Structures are given as C-alpha cells and as structure tokens.
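A closer look at the structure
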Amino acid sequence: MAAKEPEALPVVEKVVISIDTVYTKQLYTFKDSIFKTGSTQLDNGIQTEWISTVNFNLRKPNFVILHHTAQDSLKQTIDTFTKTHTQVSAHYIIADDGHVVQMLNDYLRAWHAGASSWGKNTDINSASIGIELDNNGSEPFSEAQITSLMALLSKLKKTYNIPAQNIIGHSDIAPSRKRDPSALFPWKTLAENGFGIWKDEILPLAPFDFNAELALQIIGYNTKNLNAAITAFKLHYIPEEVNSILDQKTVNTIYSIYLKQ
Ligand SMILES: [Zn+2]
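What counts and how
- Residues numbered from 1 in each chain as written.
- Predicted model: local features only at pLDDT ≥ 70, side-chain atom pairs only at ≥ 80, totals over all residues.
- Heavy atoms only, no water.
- Helix = DSSP H or I, 4+ residues; strand = E, 2+ residues; numbered from the N terminus.
- Rg over C-alpha atoms; globule rule 2.2 N^0.38 Å.
- Contact = heavy atoms within 4.5 Å.
- Donors = N, O, S within 2.8 Å, 3.2 Å for Na, K, Ca; no water.
- Buried < 20%, exposed > 50% of the residue type's maximum accessible area, 1.4 Å probe, protein only.
- Domains from an automatic or database assignment.
- Buried area = accessible area lost by both parts, 1.4 Å probe.
- Salt bridge = Lys/Arg side-chain N within 4 Å of Asp/Glu carboxyl O.
- Polar contact = N/O pair within 3.5 Å; in protein donor to acceptor, adjacent residues only side chain to side chain.

Focus: the overall build of the protein
- Of regular secondary structure, the protein possesses ten helices and five strands.
- For 261 residues, the compact-globule formula gives about 18 Å, and the C-alpha radius of gyration of the protein, at 24 Å, lies well above that figure.
- Taken along the three principal axes of its C-alpha coordinates, the protein extends 100 × 55 × 40 Å.
- In the protein, once contacts between residues fewer than 6 apart in sequence are set aside, the share between residues at least 24 apart is 63%.

Written out as structure tokens, the structure reads:
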C-alpha cells in the first residue's frame, strides 16, 4: 500500500497588528504602568517587598458627570475630541437625534472634568464617566437625546453599581468655572427615573440653626466661592431662579437635598 501523499499545509501569512492609530498608541503607553511589579525605594531608604496577590480586578467608575458641549454639532465635538492639542475628551457624546457615540473605554480616564471636586474627591476624571450632550447651551434638550441618555445611564449604573446621587453635572463639581448642563436640563425627569436626586415637592422647613454652607459641603459642593456654589446648586435644583441669593426657598431646597444624603 502506497504511503499517503502528505498534504500541503496552508500558508500562514504574517499577521501585522497595526498600532498606528493614536488611540492604540496611547493604550500601549500604559502597558508599563499596568504590568509593573517588584520593589520600590521609599524616601526613608526602605525597599518595599513585592508579593503578588491573586485577587484583583479593574478599578471602575463611581460617578457620571453630565455636560453640554456648547458646540453647534456632533461633528464639531468629535473633531475637538480627536485632536491632541485640545486636551479634552469624554467617554460618550449624545446627539440631538439620540445617536450615541462612544469615544473611550469606560475603564480609561477621559479629560472632561478639569479642575474640580466633589466632597473630598479631587480627581473626578479618575472616578467618573463623562457624557457630553450635543447642545449649544441655550436650546432645549430633545426628547430623543434624553431617552438615549437615560438608556445609557441605566446601563452604566447597573454595570458599575453607580449610586443615583453620583450622577451630577459639570457645574456641580466646578461651580466657579462651569455652567453646564444648562438650566434647561431636565434633572427632575432624570431623578424620577433613578438618575440623580431631586428636592421634595413640598419643601421641608430648614431648622433655624441650619448651616446651608456646611450642608452644601456635605452634599459635595466646593464652597470656597460660596456664591458660585449657591448658583451651581440653584442651576441644578432651582433652575427657574439661577442666582447666588440664599433666600428661604433656597435654604429649604438645600435642606431637602441634604436630607437625602
Ligand atoms: Zn462640561
């Protein structure tokens, strides 16, 4: 019996993994940071010892920061977020018609918050997902856009176990610098759907010794510039009266939100 002719093996072509996009190149620059193990020299001369654990996973976002783009089109925002010189980005952009563009993996740090804080957290970019709503700042937010936003928030909230009250606006975390999302943003609707919190319909009367400034701090606001903090609070919770006046209604509203912390 003749030996069977050997079959020709399929030709294996060399596979070249392309890393020529800026995004992929950026990813590769983090590989050393993530793979780093071994000892470290401390200031007091001590050399740390490395013993690997086997129990770990990725850090995950715990906040969602909402913005409006203050630009005229989705394309303009995409252009801004794909040029290195702008030094700004977000994880998601939601268009007027409800179309959602994702620009960065949720586990990576976008540059949307800038100099900001919420409570003792001073690195909001590290802790959050940034969502930009395509809106010029003076137009209403469309129903399709808000429907997509809530669908996205629902997914993020569930995936990363983000508390409802950790869904806040850019102006909340940077009251001296930012005014987005605008007073037209439907925070009440969002809160009714489990995203963010909202004041009681009938406001509770704040006790006579209630310290509104301290309460704003407990909620999360940086009150170094108290007028800016009050204005940011009102932009979010009393959008029909955005100013820095701390009248009784404002104090009672702060009290109402304070009670939900
Ligand atoms: Zn913003």
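Having put the structure on the table, let's press on.
Some points on the coordination of the zinc ion
- For the zinc ion, the protein coordination sphere consists of His67 (ND1), His170 (ND1) and Asp180 (OD), at 2.0 to 2.3 Å.
- Counting residues between consecutive donors of the zinc ion along the chain gives the motif H-x102-H-x9-D. Taken together, the positions of His170 in helix α6 (residues 170-173) and Asp180 in the loop between α6 and α7 (187-192) put the pair ten residues apart, joining distant regions of the chain. For the pair His170 and Asp180, a shared accessibility class is recorded, and that class is buried.

What to know about the domain arrangement of the protein
- When the domains of the protein are assigned, the result is domain 1 (59-198) and domain 2 (199-261).
- Computed over C-alpha atoms, the centres of domain 1 and domain 2 are 22 Å apart.
- Tallying the contact residues gives 16 residues for domain 1 and 20 residues for domain 2.
- Taken together, the two surfaces of domain 1 and domain 2 that pack against each other cover about 1,700 Å², and 58% of this comes from carbon and sulfur.
- When the area that domain 1 buries against domain 2 is broken down by residue, the three leading residues are Pro175, Ile197 and Trp198, summing to 39%.
- Counting the contacts that link domain 1 with domain 2 gives one salt bridge.
- A salt bridge links Glu201 to Lys188, with the nearest nitrogen and oxygen atoms 3.8 Å apart.
- Between the two partners, domain 1 and domain 2, sit three residue pairs in polar contact (both at pLDDT 80 or more).
- When contributions to the side of domain 1 that touches domain 2 are tallied by element, the ones reaching two or more residues are α6 and α7.

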